[in-house]
Protein chains: 6
Amino acid sequence: MRILVINPNTTASMTDKIGKAAEVAASSGTQIVAVNPKDGPPSIEGYFDEAFVVPGIIAEMAKAGAMDAYVIACFDDTGLDAARCAADAPVIGIGEAAFHIATLIAGKFSVVTTLARSVPAIEHNLSKYGLASRCAKVRASDVPVLDLELPGSDARRKISAEIARAITEDKAEAIVLGCAGMADLAHALSQEHGVPVLDGVACAVRLAETVSALGLRTSKVGGYAAPLAKRFAGLYAPWSPGGDKGADGTP
Amino acid sequence: MRILVINPNTTASMTDKIGKAAEVAASSGTQIVAVNPKDGPPSIEGYFDEAFVVPGIIAEMAKAGAMDAYVIACFDDTGLDAARCAADAPVIGIGEAAFHIATLIAGKFSVVTTLARSVPAIEHNLSKYGLASRCAKVRASDVPVLDLELPGSDARRKISAEIARAITEDKAEAIVLGCAGMADLAHALSQEHGVPVLDGVACAVRLAETVSALGLRTSKVGGYAAPLAKRFAGLYAPWSPGGDKGADGTP
Amino acid sequence: MRILVINPNTTASMTDKIGKAAEVAASSGTQIVAVNPKDGPPSIEGYFDEAFVVPGIIAEMAKAGAMDAYVIACFDDTGLDAARCAADAPVIGIGEAAFHIATLIAGKFSVVTTLARSVPAIEHNLSKYGLASRCAKVRASDVPVLDLELPGSDARRKISAEIARAITEDKAEAIVLGCAGMADLAHALSQEHGVPVLDGVACAVRLAETVSALGLRTSKVGGYAAPLAKRFAGLYAPWSPGGDKGADGTP
Amino acid sequence: MRILVINPNTTASMTDKIGKAAEVAASSGTQIVAVNPKDGPPSIEGYFDEAFVVPGIIAEMAKAGAMDAYVIACFDDTGLDAARCAADAPVIGIGEAAFHIATLIAGKFSVVTTLARSVPAIEHNLSKYGLASRCAKVRASDVPVLDLELPGSDARRKISAEIARAITEDKAEAIVLGCAGMADLAHALSQEHGVPVLDGVACAVRLAETVSALGLRTSKVGGYAAPLAKRFAGLYAPWSPGGDKGADGTP
Amino acid sequence: MRILVINPNTTASMTDKIGKAAEVAASSGTQIVAVNPKDGPPSIEGYFDEAFVVPGIIAEMAKAGAMDAYVIACFDDTGLDAARCAADAPVIGIGEAAFHIATLIAGKFSVVTTLARSVPAIEHNLSKYGLASRCAKVRASDVPVLDLELPGSDARRKISAEIARAITEDKAEAIVLGCAGMADLAHALSQEHGVPVLDGVACAVRLAETVSALGLRTSKVGGYAAPLAKRFAGLYAPWSPGGDKGADGTP
Amino acid sequence: MRILVINPNTTASMTDKIGKAAEVAASSGTQIVAVNPKDGPPSIEGYFDEAFVVPGIIAEMAKAGAMDAYVIACFDDTGLDAARCAADAPVIGIGEAAFHIATLIAGKFSVVTTLARSVPAIEHNLSKYGLASRCAKVRASDVPVLDLELPGSDARRKISAEIARAITEDKAEAIVLGCAGMADLAHALSQEHGVPVLDGVACAVRLAETVSALGLRTSKVGGYAAPLAKRFAGLYAPWSPGGDKGADGTP
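Rules behind the numbers
- Residues numbered from 1 in each chain as written.
- Chains lettered and ligands numbered in written order.
- Predicted model: local features only at pLDDT ≥ 70, side-chain atom pairs only at ≥ 80, totals over all residues.
- Heavy atoms only, no water.
- pLDDT = per-residue confidence, 0-100.
- Contact = heavy atoms within 4.5 Å.
- Helix = DSSP H or I, 4+ residues; strand = E, 2+ residues; numbered from the N terminus.
- Buried < 20%, exposed > 50% of the residue type's maximum accessible area, 1.4 Å probe, protein only.
- Buried area = accessible area lost by both parts, 1.4 Å probe.
- Salt bridge = Lys/Arg side-chain N within 4 Å of Asp/Glu carboxyl O.
- Polar contact = N/O pair within 3.5 Å; in protein donor to acceptor, adjacent residues only side chain to side chain.
- Pairing = 2+ DSSP bridges.
- Axes fitted to C-alpha atoms, helices over the stretch in contact; angles between N-to-C directions.
- Expected span 1.5 Å × (residues − 1).
- Least-squares fit on C-alpha atoms with pLDDT ≥ 70 in both.

**A closer look at the confidence of the model for chain A**
As a general rule, the predicted coordinates of low-pLDDT regions are not to be interpreted in detail. Residues and elements named next belong to chain A. In this model, chain A carries an average pLDDT of 94, and 96% of its residues clear a pLDDT of 70 or more. In the model, residues 246-251 has pLDDT below 50 throughout and makes 13 contacts with residues more than four positions away in sequence or in other chains. Here the complex is predicted with pTM 0.95, and the ipTM for its interfaces comes to 0.95.

**Structural notes on the arrangement of the chains**
Structurally, chain B and chain E remain out of contact, their C-alpha atoms never closer than 15 Å. In this view chain C stays clear of chain F, with the nearest C-alpha atoms of the two still 15 Å from each other.

**Some points on the environment of Ala 98 of chain F**
Residues and elements named next belong to chain F. Mapped onto the fold, Ala 98 is located in helix H5 (residues 94-105). Judged by its relative accessible area of 0%, Ala 98 is buried. Residue contacts for Ala 98: discarding those within four places in its chain leaves Phe 75, Val 176, Leu 198, Gly 200 and Cys 203.

**Here's the deal with the interface of chain A and chain B**
Across the boundary between the two partners, chain A contributes 42 residues, which contact 42 residues of chain B. Interface area, chain A with chain B, both sides summed: about 3700 Å², of which 70% is carbon and sulfur. Applying the counting rule to chain A against chain B returns four salt bridges. Between Glu 45 of chain A and Lys 230 of chain B there is a salt bridge, and its shortest N-O distance comes to 2.7 Å. Counting across the interface, chain A meets chain B through 13 residue pairs in polar contact (both at pLDDT 80 or more).

**What to know about the pattern of salt bridges**
Evaluated as defined, the whole model comprises 96 salt bridges over all chains. In this structure, Glu 60 of chain A and Lys 63 of chain A form a salt bridge, with 3.2 Å as the shortest nitrogen-oxygen distance. In this pair, Glu 60 of chain A and Lys 63 of chain A both sit in helix H3 (residues 54-64), three residues apart, roughly one turn of the helix. Judged by relative accessible area, Lys 63 of chain A falls into the partly exposed class, the value being 41%. Of the charged contacts, one joins Arg 84 of chain C and Glu 96 of chain C as a salt bridge, the two residues approaching to 2.7 Å between their closest N and O atoms. On the criterion of sequence distance, the pair formed by Arg 84 of chain C in helix H4 (residues 80-86) and Glu 96 of chain C in helix H5 (residues 94-105) is long-range, its members being twelve residues apart. Given a relative accessible area of 2%, Arg 84 of chain C falls into the buried group.

**Section: the sheet that holds strand E2 (residues 31-35) of chain D**
Residue and element names in this part refer to chain D. Here we have four strands laid out as an open sheet, ordered E2-E1-E3-E4, and parallel in their pairing. The open sheet has two edge strands with one neighbour each: E2 and strand E4 (91-93). Between one strand axis and the next, the sheet turns by 20° as a mean value, whatever way the strands run. In the sheet, strand E1 (residues 2-6) pairs with strand E3 (residues 69-72) via four bridges, with the strands oriented parallel. The residue bridging Leu 4 from the neighbouring strand is Tyr 70, located in E3. Each of E1 and E2 is contacted by helix H1 (residues 12-25), which is oriented at about 165° to E2, the strand it contacts most. Sheet strands in contact with helix H5 (residues 94-105) are E3 and E4, and its direction is about 75° off that of E4.

**Quick notes on helix H6 (residues 119-129) of chain F**
Val 119, Pro 120, Ala 121, Ile 122, Asn 125, Leu 126 and Tyr 129 of chain F are the residues of H6 of chain F that are buried. Gly 130 of chain F lies just past H6 of chain F and shows a positive phi near 95°.

**Section: helix H9 (residues 200-213) of chain A**
All names here are of chain A. The first and last C-alpha atoms of H9 sit 19 Å apart over 14 residues, in line with the 20 Å expected at 1.5 Å per residue. Burial within H9 is extensive, with 13 of its 14 residues counted as buried. A side-chain oxygen of the first residue of H9 lies 3.1 Å from the backbone nitrogen of Val 201; this N-cap is Asp 199. After H9 finishes, the residue Gly 215 shows a positive phi value of roughly 75°.

**Considerations on the sheet that holds strand E8 (residues 197-199) of chain F**
Residues and elements named next belong to chain F. Reading across from one edge, E6-E5-E7-E8 is the order of the four strands in this open sheet, with parallel pairing throughout. Whereas interior strands pair on both sides, the edge strands pair on one side only; in this sheet they are strand E6 (135-140) and E8. Neighbour-to-neighbour, the strand axes of this sheet turn through a mean angle of 25°, independent of strand direction. Relative to strand E7 (residues 174-178), strand E5 (residues 109-113) is paired through five bridges, and the arrangement is parallel. Within E7, the residue paired with Val 112 across the bridge is Leu 177. Sitting on the sheet, helix H7 (residues 155-169) touches E5, E6 and E7, and the angle it makes with E6 is about 155°.

**Some thoughts on the side chain of Asn 125 of chain B**
Here Asn 125 of chain B is to be found in helix H6 (residues 119-129). With residues near it in sequence (within four places) discarded, Asn 125 of chain B still touches Asp 76 and Asp 77 of chain B.

**Thoughts on the side chain of Asp 76 of chain E**
Among the structural elements, Asp 76 of chain E can be located in the loop between strand E3 (69-72) and helix H4 (80-86). Residues within four places of Asp 76 of chain E in sequence aside, it is in contact with Ile 44, Glu 50, Ile 122 and Asn 125 of chain E.

**Remarks on the relation of the copies chain A and chain B**
When chain A is fitted to chain B, the best match, at an RMSD of 0.0 Å, comes from turning it 180° and sliding it 0.0 Å along the axis. What the superposition gives is, in effect, a two-fold axis relating one chain to the other. A shared interface surface links the copies, since 100% of the contact residues of chain A are contact residues in chain B too.

Right under this line is the structure:
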């Protein structure tokens, strides 16, 4: 099985880390293709940055050719709905993946993410997915995304401290790490705190395999129907549904 | 007061219609500037199309120079959160505007929109805004957006029939028209059916005036904080927060 | 445009303050008529006091003659539903007005009101309006309503301290002041705390102008239908729907 | 035990019917005192009528002297919160009583009330009480309240037809009759339809006995705290908390 | 009237205490029959223990012969749904009973139960019953159930301390004691803290009398329909609906 | 990997069918062990039957020895919480599994189950899991469970007709089959109706593999903590936590 794992930001080191986490999580028979768009922000911290990643996600999907499933490796699940319209194969977001898996092993979980500005988008997703009642609290650790790439940073300490607060104050039974860049911390933090700590990348890769192996495809009745054929203008002409794409699906 | 009314799709005739509706609704002292992006889809019908309009909205805001308020004239309120991060002046979506006003004159309202594929996005917005409990039902009239621009189409008949069903079956006390392209139909449909029929463009323009006149600005604490300075890559370099913009804010 | 602003309690000094706040907020073309009933409590602090103000509100509406809109200037929105039945012109409560406007500029807001006994009524309104999910917390500042009229009181200090707690503990992005008597404090408190602080009187006046200017009227289908003609007995005979009113609409 | 059953409207024949239903439902040791205010509407059909009954309810409570519990016999539970502030002894509304009892014998219930204009108030109460999720639907039978007093009317037929629809369409497992004037119909309609049919008057009398017998009183911490002493003006001077009442508690 | 009060655990001393509390709460005309199963756990602390009590509850109901109502005296309301299928006479759980009564005398209540492991089951019940919005918080006092039977234990002190926190931190207006074994503490704790403190056993006995006296039976339409006749295998053959029961309804 | 798939009822033919469906769904490396208790009902149709299966589930788990994960193959997810307390390895219910997977490929789904009496239990689970907002409707096809084992029955026709109604009336984008006995119908019904049709057995097996492969275990903090050591009486002595089990973990 081939799964395209898309890191929606343009930071290659994070794409590498995500790709490695995906490969560790994947079944033996699964090939992980980890990519990131060439256009857009180096990290996604809030609604503004989110707005510039979806065309890149769609372009990477078009370039990649046939895939059995897609994973969007941004915890905000940016572009998830659009990607589901664009593909028949299942598309899984790492945020939703971690939320769903957490509910299978714990009554309530808390999310520990990066900056306060990212909390509302995560809260909106939880209520959109229907899982808000299962999340005790979405907490910011006050760690900028790219600090997770810096060896010297005290990111891990801050995240661990926030997990401790979630267990004590929220009575969280499990912790969801709220950023793809935290993928490498989950195991050690789980050992440290004695509760399950979930990384969305691993959860999403396995859920993508699962949905594909079950022979399920995204429903094309309703909100995820294939885009109507129309001619997009200017920058986006190559994305016009039903044609006009360049050789590689991008300008 | 100057209000920038952005039609996020690229269809100029719809921008004209929206601009006229905005001018009719605006106070005497208000100047309406109606624009649309040069890049993107000719109409927004579902999640895929939505994904290609936000950079254009931000570019139009940058190009327009100082404004007292902004209106996003797509009923899905596409890009609303990103636009609020980008600006200090208030930004109002026509969907949210119509929902809020409807709750001030009716206990429950129903929405009559275009295609079934647009219903889920509207339902998500209603629950995100907190107003889902005030909406009896979101109904599709099965009218493609651009049919609203065609003199000969039976769009009006289909919409009117759906309104009748909403009043009878949903016990709707008011109707919200679910597309900016329906702005010119509200008054006549209200006369015909004897309930308030709301057009989001007019509601949004007046709410934008209201928030601005009250001296209120979008809160910069939390989800709508100004974007962090970072360098966007490729196509989006001109949108990099804190610099790199071309003379007109676009490539 | 003429707007009747009704302070439902009998304290004239508060009516004056509310009238001034309304005039400051109103458009140039708008005439504010600020009144209070001659019958009822000097302040509204809890459910018991609320129960004695609605006939007075209806009487003031009847006495005032033709108006373009009505504002009920009690943060509990006391009598709002009854007033909507009594009038065709829109009726706006200052509580709902502030809640709706707050959601247009912030993801989450907290309310800072007077006494703990008033909190449940406000919480009920939030859930009735559908906006409970947008309110982080309703907080009491332990300030009796009439202390807001006393120069020497430490009301302002207590309110400011509660706002500080709302920002820190609730992550509130905006603050709604939960009493008409706080109308004069909003601007300074916003400066002091660096978040929007909303006064319901100003919000309601502008929303009343907006709904009226949009040519919208309260829906008469459903809960806000005009009262059925019937003969009220005793004290309330003058309020009998369809007749029996004295010259001035009151006993 | 003495229970004051207050019919908030001024129609004596309905008070008699309610009193009889209360006596049938009461325990042997319980004395029912059924009263109605001398001031107010002859029936309560919508928000406007509701607004004129609460002072009368409070006056009847004051006149009646010491009681072990109070029942408010209007299905809208009009004045319930104010009455709880006014008394230490428990106060039960017939609407809430029927809702709570229905949840003890059925998974879901539907309400069959009088006119469509009364539906929103009942829906608001259900969500305020927290029981909205247990109510399948609130249905109007299109029967004016006073038709229930007319031998010749087809009220019973209309109500029975609506019950049949509730069972078939809503999958209602029990029916709550949505008007005190329907108290005499419950038993026969239950026989006819083979599901429990609840009358709020009987439910409320028994719940009032129960709460009183358990030695419980309304909590005076929070929203139901005793009214603060203050001087009401004009018509309502006799209701001033902490004094000014006439011999019989009314003007 | 005869009410069977079933303590679902096998600890006779708790059955005695519950029986006494039930007799104190019951009307003079009511006969309380307090029993416990001979099979199962000595206390119910979490989901695992819960799973072994329902056959015993059904067996006790079968053995007891004709009853006017049944009370399940475990705060988790274990087996309530199954018992309602098994009987026509009403079945009341002590948890639901206390929750419903609390909402009649207070705006919001908090629950103080035994161990943290029992909190999720109580939270699920609250949301299933629809009353989650009326409960401020479910709190664990960290008291094992059987410590409530030990004279020397500091159970009472821990419970009282948790009640104090609920009043201060949750703004709880009433307290529900979350274990049948706390039945004897309610009165003194209410005196101590100045808010109503509810014991579910007393509430359930009175509600059972109420529902029965109203002539109401569990609805047999929908989820509480009588079990379909079928042959259970092995251990449970005696419970086979429609036959196979031993003389006393148990193996 | 070894997964124990427990059919909680005693009908061996259904256990065979479920086992086959599980093997088809499982990864190549996975060994499915399909069992059913020797004690209990031949089918689970409503709350009463549910009450007699949990000890059997726990006994099968004890007998089976070390497993990597457990699947409870009853759509009501009967005994799921107790089983999670009993095991460290993940336990997945087929109902929850199908609900979660459905939300990854569709905006809204409907459930088509067997008898009306089973609908409330499924609705409760949906709200407990947090997914009620994602389910358009739970529908009964009026097919008794064991008819699914009868070649001649018209079960398939009834189920297909109900699916058609769900697509038309509920706007369901996917269908969840609400009984383990329908496992063999999913593929053909999906072909027939052009929407994804999900079988819980397959979904649960893959989710069980996923959670186990991710190295996740049920959280032992909170509701799923291991049972406290105590001596169960009578029939259940062998299930006493911390000892007393017979050689095979059952009486």
